[in-house]
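Topology and contacts: notes
Given next are the chains, with one letter for each unit.
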Amino acid sequence: MADAPQEIEALIDMMARLPGLGPRSARRAVLHLIARRGQLLAPLAQAMQAVAETARECLNCGNIATADICPICASEARANGELCVVEDVADLWAMERAGVFRGRYHVLGGTLSALDSIGPEELRIPRLLDRIEAENITEVILALNATVDGQTTAHYIADALEGRVRVSSLAQGVPVGGELDYLDDGTITAALRARKTL
Ligand SMILES: [Zn+2]
């Protein structure tokens, strides 16, 4: 089976673990990289090294950053009292791409799941509750996916925050089972503008 040198096979094996890439496309990608060693392979290796050394989670919100506190949490201009709760960083970046939300974020790092034994402590829910007073939050906007686990998580957070702060949810427009990352900017904008208080 090993029809490439060992080092190259090792690279193909690692590439094949990336989402969306199987063994066949990993092999093709590696051949493509080797053929463009100067323009692509070497700069890619350097870029990966740089990210491996600098990327970390924002200690406040869970965003991926290159400092302990991400630029959004560090910006006073984003402290407008609105806090948008998302499942993962891809959702945060999708909201940022849409460019309509001017507050801060909180990345849960997943959803509650009885099946996978994921409770509030496994997510950043305790930290979320701490941030309400610490950052004078007036509205929490739940931008969770329309999956069963996403909605269970939304209800849990809404209950935990009841009477402490206004809680709203993105309006229709987020398709059932749909992930924010796959929505176009216009749909995200419409869903945020038409959000409903829970
Ligand atoms: Zn942050």
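Note that the structure is predicted; figures quoted are calculated from it, not measured.

Rules used throughout
Residues numbered from 1 in each chain as written. Predicted model: local features only at pLDDT ≥ 70, side-chain atom pairs only at ≥ 80, totals over all residues. Heavy atoms only, no water. Pairing = 2+ DSSP bridges. Helix = DSSP H or I, 4+ residues; strand = E, 2+ residues; numbered from the N terminus. Contact = heavy atoms within 4.5 Å. Axes fitted to C-alpha atoms, helices over the stretch in contact; angles between N-to-C directions. Donors = N, O, S within 2.8 Å, 3.2 Å for Na, K, Ca; no water. Tetrahedral: all angles 85-135°; square planar, octahedral: opposite > 155°, others 65-115°. Buried < 20%, exposed > 50% of the residue type's maximum accessible area, 1.4 Å probe, protein only. Domains from an automatic or database assignment. Expected span 1.5 Å × (residues − 1). Arc of directions from axis to C-beta. Salt bridge = Lys/Arg side-chain N within 4 Å of Asp/Glu carboxyl O.

Side note on the sheet that holds strand β5 (residues 139-142)
- One open sheet holds the five strands; their spatial order is β4-β3-β5-β6-β7, and the pairing between them is mixed. Every other strand in the sheet has two partners, leaving β4 (104-107) and β7 (196-197) as the edge strands with one partner each.
- Pairing between strand β3 (residues 82-86) and β4: four bridges, direction parallel. By the bridge assignment, V85 is partnered in β4 with H106.
- Packing against the sheet, helix α5 (residues 89-98) makes contact with β3 and β4, and its axis sits at approximately 160 degrees to β4.

Remarks on the coordination of the zinc ion
- The protein atoms donating to the zinc ion are C58 (SG), C61 (SG), C70 (SG) and C73 (SG), with metal-donor distances spanning 2.3 to 2.4 Å.
- Coordination at the zinc ion comes from four donor atoms whose angles at the metal span 105 to 114 degrees, giving a geometry best classed as tetrahedral.
- Considered as a linear motif, the donors of the zinc ion on their single chain read C-x2-C-x8-C-x2-C.
- Taking relative accessible area as the criterion, C70 reaches 0% and is therefore assigned buried.

Some words on the domain arrangement of the protein chain
- The domain boundaries assigned to the protein chain delineate domain 1 (6-54) and domain 2 (64-197).
- The C-alpha centroid of domain 2 is placed 33 Å from the C-alpha centroid of domain 1.

Let's talk about helix α2 (residues 23-35)
- An ideal rise of 1.5 Å per residue puts 18 Å on 13 residues; α2 measures up with 18 Å between its terminal C-alpha atoms.
- Along α2, the residues classified as buried are A26, V30 and L33. One face of α2 carries all of its buried residues, which in axial projection span an arc of 60 degrees. Opposite the packed face of α2, turned more than 90 degrees from it, sit the exposed residues R24, R28, L31 and A35.
- Elements that come into contact with the buried residues of α2 comprise α1 (6-15) and α3 (37-54).

A look at the pattern of salt bridges
- All chains considered together, the criterion is met by ten salt bridges.
- Between R195 and E82 there is a salt bridge whose closest N-O contact spans 3.7 Å. Of this pair, R195 sits in the loop between α8 (185-193) and β7 while E82 sits in strand β3; the two residues are 113 residues apart in sequence, bridging distant segments of the chain.
- Under the relative-accessibility criterion, R195 is labelled partly exposed at 22%.
- Members of the salt-bridge network, linked through shared partners, are E82, E139, R166 and R195.

Let's talk about helix α6 (residues 125-134)
- Within α6, burial applies to I125, L128, R131 and I132. Considered in projection along α6, the buried side chains sweep an arc of 110 degrees and stay on one side of the axis. Residues of α6 that are exposed and point more than 90 degrees away from the buried face comprise E133 and A134.
- The inward-facing, buried residues of α6 contact α4 (71-74), β3, β4, β5 and α7 (148-161).
- A positive phi of about 50 degrees marks N136, the residue just after α6.

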